[in-house]
Amino acid sequence: MCGIFGYIGKSNKASEIVFNGLKTLEYRGYDSWGIATLKSKITVKKRVGKIGNANVDDLPKSNFALGHTRWATHGGVTEVNAHPHLDCSGQFAIIHNGIIENYDEIKEELLKKKHKIVSDTDTEVAVHLIEEIYRKSTGKSKKENFLEATRKAFNRFVGLNAIIVMDAETSTYVAAKNGSPLAIGKGSNENFLASDAHALIPYTKNIYFMEDGEIISVTPENISIFDALTGRKKTLKFNKLTWKQTAIDKGKYPHFMLKEIFDQPKVIENIINDSKFQIINFSDIIKNSYGTYLVGCGTAAYACLAGTYIFSKISGRHLNFSVGSEFGYLVDFLTPKSLVIALSQSGETIDVIDSVKKAKVKGAQITSLVNSLGSTLYRLSDKKLLLNAGVERAVVSTKAFTAKLTVLILLAYQLAGKISEGKSILRECLKVLKEVLCRDNLNRIRKLVKTLVSQKHIYIIGRGVSYPIALEAALKIKEASYIHAEGFAAGELKHGVIALIEKNIPCIAFLPNDETYGATLAGCMEMKARGGYIIGISHKNHEVFDYYLPVYDVGIASIIPSAVVGQLLGYYLAIEQGLDPDKPRNLAKSVTVR
Ligand code: G6P
């Protein structure tokens, strides 16, 4: 969702630095962008659509700029609604991530006071409120008044928000946060700010992750931090990050999604080889808990659901599961003995963060399987296991999913006291993955895609641990190619969905070599009898299949190559239609609003 990048310092190339910073945040998903540059007065450039080949040569050379990529919430996708927004006088510019839930009431007040509000956004209201409070402030220095006005305005906002405000009079900016992520990067006589610390790594490794309820005042030489509620000064301690700037180019691949699909064997191999002690510690925590809840959203939710089957089957352990947005309504079950395992690639998904915070209030222990080091979830967790899948840039999640499955399989085997068996099936799984990703198989999938691309609906079935894989395959197809794909438990076929099956409707079935095979095959027969075009993803071919995609048997780890087939179907269905699978319409990589 919205990306934020700011620079203040010694370079007179602030606009370019911010522009490049925004490019590194593009993957978060956005529909318009804008930059404010201060050179005696604030100049704003805003555009609808992707940054593409744009440049900022028309912005003045300056040492102070703030930039924003907007994912629309309040107000349509227009240049006027894009950030930054100015107050009436043009002294202040604001960029914002979040939703000011009470903006209506504040807007009404400001309109009565003759403020000229030109956009439909909640954000613009904030900058006018700051202007209103600032104009009335007396006594202190301009810098202090600016900080105080921003602080007071921020405290009036209901909802989860991060705001960054530029002041043309004092050449400083103030940032406050309550919910959305903000990382500060400290250089020598220059300071950076971004919604994602990865964007700061090329400039500095001295990073501070702002906590909720903090407000900072920034000049090139100085950063001061305060409690947003009381205004009391706090001490600021930067951490030296040891992250390497992970390779974030596409390499030889035309899209990040394809690159990340091909990254998977290496990611899985690294997890098998490097996670021994983390797996032991984590599985001990699960063993000692009383009531364990897996929580995640989107693709991560399907990894959670798969986790319930994996733990049941391998270690005879019942784990509960809820999507993040629903977990808040189930926290009554939690006690201090409960364990929450939150799964998230970004570690910033607000529904997961909210869940974890509610569980904390109940005294539950919080753990996470998370890909982004330093993210909010990472910091909130009592114990975390880093997926180490590397930066995932395509909006459509791929390698983070299979990394989570790998960790869940290892944890379940560790809990069952059979870790060597777990490692061994995962190593076998790497061989099967190679076959799935080989040229012949890609051609087989591309050939199928030519048949599927003209379809309006695709149905996907699986049973047991293949049920979440069916759901995930459907999600990949929907996200990347916009074709309606619906995954469901094969047994549910007869309870409704079969009414939709008619001649030539594509029905994809996951049939691994486990106890679900026969029953899922029966589902294929039933769909075939109604004219369905059956695509079997299985360890062996069968006469009921109209099209066969092989995934050889590696026990429960077969779900990993099966999931990769779903990813490839989504990818090639997008390519066949000339779509960009890295940036699907309306979707955001990191969903930081409710
Ligand atoms: C968004 C992304 C999905 C992702 C989900 C959860 O909807 O588009 O790809 O699965 O968020 O994200 P997380 O970062 O928590 O895994």
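Procedures and definitions
Residues numbered from 1 in each chain as written. Predicted model: local features only at pLDDT ≥ 70, side-chain atom pairs only at ≥ 80, totals over all residues. Heavy atoms only, no water. UniProt positions renumbered as here; feature names shortened; annotations may be inferred. Helix = DSSP H or I, 4+ residues; strand = E, 2+ residues; numbered from the N terminus. Phe/Tyr/Trp six-rings, centres within 6.5 Å; stacked < 30°, edge-to-face > 60°. Lys NZ or Arg CZ within 6 Å of the ring centre and 35° of its normal. Salt bridge = Lys/Arg side-chain N within 4 Å of Asp/Glu carboxyl O. Buried < 20%, exposed > 50% of the residue type's maximum accessible area, 1.4 Å probe, protein only. Core = buried A, V, L, I, M, F, W, Y, C linked by side-chain atoms within 4.5 Å. Domains from an automatic or database assignment. Contact = heavy atoms within 4.5 Å. Near = heavy atom within 4 Å. Polar contact = N/O pair within 3.5 Å; in protein donor to acceptor, adjacent residues only side chain to side chain. Areas by Shrake-Rupley, 256 points an atom, 1.4 Å probe, with all protein chains shown as cover. Expected span 1.5 Å × (residues − 1). Pairing = 2+ DSSP bridges.

Here the UniProt feature "domain: SIS" (unreviewed entry) sits at residues 282-425 and 448-584. In residues 282-425, the share of helix is 48% and the share of strand is 17%. The end C-alpha atoms are 20 Å apart. Measuring from the first to the last C-alpha atom of residues 448-584 gives 22 Å, for a span that is 38% helix and 20% strand.

A complete count under the given rule lists 14 aromatic pairs for this structure. Linked through ring pairs, Phe5, Tyr7, Phe192 and Tyr203 together constitute an aromatic cluster. Stacked on the ring of Tyr30, the Lys or Arg Lys50 has its end atom at 4.5 Å from the ring centre. Geometry around Tyr378 places Lys384 over its ring, the cationic atom sitting 4.7 Å from the centre.

Next up on the list: the pattern of salt bridges. Between side chains of opposite charge, a pair can form when the charged atoms approach closely. Following the criterion strictly, the structure yields 20 salt bridges and no others. We note a salt bridge from Lys61 to Glu16, for which the minimum N-O separation is 3.6 Å. Of this pair, Lys61 sits in the loop between strand E3 (41-48) and strand E4 (64-70) while Glu16 sits in helix H1 (residues 14-24), and the two are 45 residues apart along the sequence. Overall, the relative accessible area of 48% leaves Lys61 in the partly exposed class. For Glu16, a relative accessible area of 32% puts it in the partly exposed group. Notably, a salt bridge pairs Asp87 with Arg135, separated by 3.9 Å at the nearest N-O pair. Of this pair, Asp87 sits in the loop between strand E5 (85-86) and strand E6 (92-98) while Arg135 sits in helix H3 (residues 122-136), placing them 48 residues apart in sequence. Asp87 sits in the buried class, given a relative accessible area of 5%. When salt bridges with common partners are traced through the structure, they connect Glu105, Glu109 and Arg156 into a single cluster.

So, about the nonpolar core. The biggest cluster of nonpolar side chains holds 87 residues, and the ones touching the most others in it are Ile310, Ile409, Ile460 and Leu568. Both of domain 2 (255-436) and domain 3 (438-582) provide at least three residues apiece to this core. Setting aside anything within four residues of it in sequence, one finds Leu568 in contact with Leu258, Ile261, Val436, Leu437, Leu442 and Ile445. Leu147, Phe154, Ala176 and Phe226 belong to the second-largest nonpolar core, a separate cluster that totals 26 residues.

Among the 15 residues in the neighbourhood of the ligand, the closest are listed as Ser344, Gln345, Ser346, Thr349 and Ala588. Here an oxygen atom of the ligand sits 2.6 Å away from a polar atom, N or O, in the side chain of Ser344. In the environment of the ligand, an oxygen atom lies 2.6 Å from a nitrogen or oxygen atom belonging to the side chain of Ser346. In isolation the ligand offers 390 Å² of accessible surface; the protein chains occlude 92% of this area.

A separate point is helix H7 (residues 299-315). Taking 1.5 Å per residue, 17 residues should reach 24 Å; H7 reaches 23 Å between its end C-alpha atoms and fits that length. Of all 17 residues in H7, 12 are buried, a share of seventy percent or more. Along H7, the residues classified as buried are Thr299, Ala300, Ala301, Ala303, Cys304, Leu305, Ala306, Gly307, Thr308, Ile310, Phe311 and Ile314. Among the residues trailing H7, Gly316 stands out with phi positive, at a value near 60°.

Take the UniProt feature "domain: Glutamine amidotransferase type-2" (unreviewed entry) in the protein next. UniProt marks residues 2-221 with the feature "domain: Glutamine amidotransferase type-2" (unreviewed entry), using the numbering shown here. Helix makes up 23% of residues 2-221 and strand 31%. Its end C-alpha atoms lie 27 Å apart.

This part takes up the pairing of strand E1 (residues 3-8). With respect to burial, E1 is a largely interior element, six of its six residues being buried. Across the two faces of E1 the burial is the same, with Gly3, Phe5 and Tyr7 and Ile4, Gly6 and Ile8 all buried. With six bridges joining them, E1 and E4 adopt antiparallel strand pairing. Following the sheet pairing, Gly3 is matched in E4 by Thr69. Both E1 and strand E10 (residues 191-194) contribute to a ladder of four bridges, which runs antiparallel. Across the sheet, Ile8 pairs through a bridge with Asn191, a residue of E10.

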